[in-house]
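Residues per chain, in single letters:
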Amino acid sequence: MEGNIDILVKELCKLPKETGWVEFKHNNDDPKMIGEDISALANTATLKDRDFAYMVWGIDDTTHNIIGTSVRLALQTKGQEELENWLRHQLSKNANFEFLDTEIDGNHIEIIRIHKALLTPVAFEKTEYIRSGSYTKKLNDYPELMAQLWDKLRNSRFEDMCPTKDLRYADVLRMIDSGVYFSMLKIPQPTEEKEVMHYLIEDGVAVKHDNGLYGITNLGAILFAKDLNAFPRLGRKAMRVVQYQGRNRLFIQKEETFNSGYAVCFEEIVRFVSALLPSSEDAASVALTTKSRYPLPSIREAIANSLIHQDLYITGAGPVVEVFDNRIEVTNPGTPLVDIMRIIDNPPKSRNEKMASLMRRMKMCEELGRGWDRMVLACEIQYLPAPRIEVFEESTKVTIFSEMEFKNIPADDKIWSCYLHACLMYIQGDALTNTSLRDRFGLKESSAGSISRLIKEAVDKNKVKALDPKTAKRYMRYVPTWAAV
């Protein structure tokens, strides 16, 4: 990094005038002024869609000529405290900055590189500031700018942040697998640096910094990293797969962590999980084939969903697949943004829209709105209980069951399966009947009484309702309780 600071300074000097995200100074090093400017520049960087803002000492603020400075930020104090520590105590917790320095043609240059504000405006001594032209002002005095800033903060994405910066082209290719990006999107890989970076920058995988060097975004790292541990905060986002002996977590049989980016190792994860699952030969098949006791399309989609819909801001937790003798549990940090009772018919929402979009383009998961439909249908085809979804304070768990006789399915899972069957029938313009639910569980006509009792329980629990209550019982049809009739 140290060898690149002079490049950064020279690039900033090319700016035609001071901007809201760059402040040039000569020797003014008043601590209070610096604190207010850090707040203002961090907030303005967010407003201007910049990853960083800069305070630069040793540059003439009119001509942008390099003149040098006597300021030494690392040596400066405020009272009995080092300046940097004092600033961090006076600034809000989301303030992020670093002191840099360099020599250019014998002139000493000092820099504070300031990260853009995230989640909330950056405040100094509990007051938020903003840049208005070349001046630092209180944010409260500019309600229109405050509204614009909050809009940016609310719509800021984890995917757009840069955990690494100031990389040369060779560094980018060393840290991410660009070949996977091009092959999965079926784009012929260019041979020239400019063209390779054009695609990566356009898709938000990388960015070009103010000094002409590159950064890899969280999106690029989490999908294409050769090793997630090389990126701050992302090592814990690696997918873990754990196989247990029996039906509880007492003994671990096998454990694997996939440290590559999700696009790099997704198929490997799916194959690894599939290889752990019991299967049997299909005697009805002409060719010798094996049949899994689990619905593999459901497992694939559950894994993809755990990656797409996780809350990437939650630190210290990542997606986990746990394999038991009778079930598979797929857990991810974060809770759904849609009501789970409407998970079949509602348009999907994701915290990570860029990642979701790119994963769909790479055919890693289903198109919008089809994921849960496919999961439920795959379970119905094998007469299994519907995937169970449980929401906890900071996580979501989806459970997919192995083959199970109808009489052994827990009552709540029978009702949930009945409800989701009604949802599927409704969105395809049909309705649940005793016959359709019997077929869904692979039961004979002699089980009509058991199915009637299950439907009655679902009605009593306000999961389904009669399409026409006046219809004779043998012809009764049912829809989800939220359906318009």
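Look up: the structure comes first, before these words.
Keep in mind the model is a prediction, meaning the values are calculated, not measured.

The helix and strand tally for the protein stands at 15 helices and 22 strands. Along the three orthogonal principal directions, the C-alpha set of the protein runs to about 90 × 50 × 45 Å. Expressed as a percentage of its 485 residues, the buried residues of the protein come to 51%. Looking at the protein alone, contacts between residues at least 24 apart form 65% of all its contacts between residues at least 6 apart. When the accessible surface of the protein is split by element, carbon and sulfur atoms take 47% of a total near 23400 Å². In the protein, the 64 positive side-chain charges and the 69 negative ones have mean positions that sit 7 Å from each other.

Most of strand S5 (residues 97-104) sits out of view: 6 of its 8 residues are buried. In this structure, the hairpin formed by S5 and strand S6 (residues 107-115) is closed by a connection of 2 residues, where Asp105 is found at a positive phi of approximately 50 degrees.

This brings us to unusual backbone geometry. Backbone geometry places Asp105, a non-glycine residue, at a positive phi of 50 degrees. With respect to the helices, strands and loops of the structure, Asp105 is situated in the loop between S5 and S6. The backbone of Tyr383 sits at a positive phi, close to 60 degrees, despite the residue not being glycine. As for its placement among the helices and strands, Tyr383 is situated in the loop between helix H12 (371-381) and strand S19 (388-391). Classification of Tyr383 as partly exposed rests on a relative accessible area of 44%.

Here we come to the sheet that holds strand S7 (residues 123-124). An order of S7-S8-S9 is seen for the 3 strands of this open sheet, with the pairing classed as antiparallel. Edge positions in the open sheet fall to S7 and strand S9 (135-138), since each of these has one partner strand only. Note: strand S8 (residues 127-132) against S9, 4 bridges, orientation antiparallel. In the strand pairing of S9, Tyr129 is matched with Lys138. In the packing of helix H2 (residues 31-47) onto the sheet, the strands contacted are S7, S8 and S9, and the crossing angle to S8 comes to about 70 degrees.

Thresholds applied
Residues take numbers from 1 onward in each chain, read along the sequence in its written order. Since the coordinates come from a predicted model, pLDDT governs what is reported: local features require at least 70, and pairs of side-chain atoms require 80 or more to be given and counted, while whole-chain, interface and lining totals use all residues. Excluded from the side-chain calculation are hydrogens and water; included are all heavy atoms of the structure. The helix and strand labels rest on DSSP assignments: H or I over at least four residues marks a helix, E over at least two residues marks a strand, and numbering proceeds from the N terminus. Note on exposure labels: buried denotes an accessible area under 20% of the residue type's maximum, exposed denotes more than 50%, and partly exposed covers the range between, all computed with a 1.4 Å probe on protein chains only. Only heavy atoms matter for contacts: two residues are in contact if any of them lie within 4.5 Å across the pair. Shrake-Rupley sampling with a 1.4 Å probe provides the accessible areas, and residues are treated as covered by the protein chains on show and by no other component. The positive count covers Lys and Arg only, the negative count covers Asp and Glu only, and His and the chain ends enter neither. To locate a charge, take NZ of a lysine, CZ of an arginine, CG of an aspartate or CD of a glutamate. Strand pairing is defined by DSSP finding a minimum of two bridges between the two strands. The angle between two axes is taken between their N-to-C directions and runs from 0 to 180 degrees, where each axis is a line fitted to C-alpha atoms and a helix contributes only its stretch in contact.

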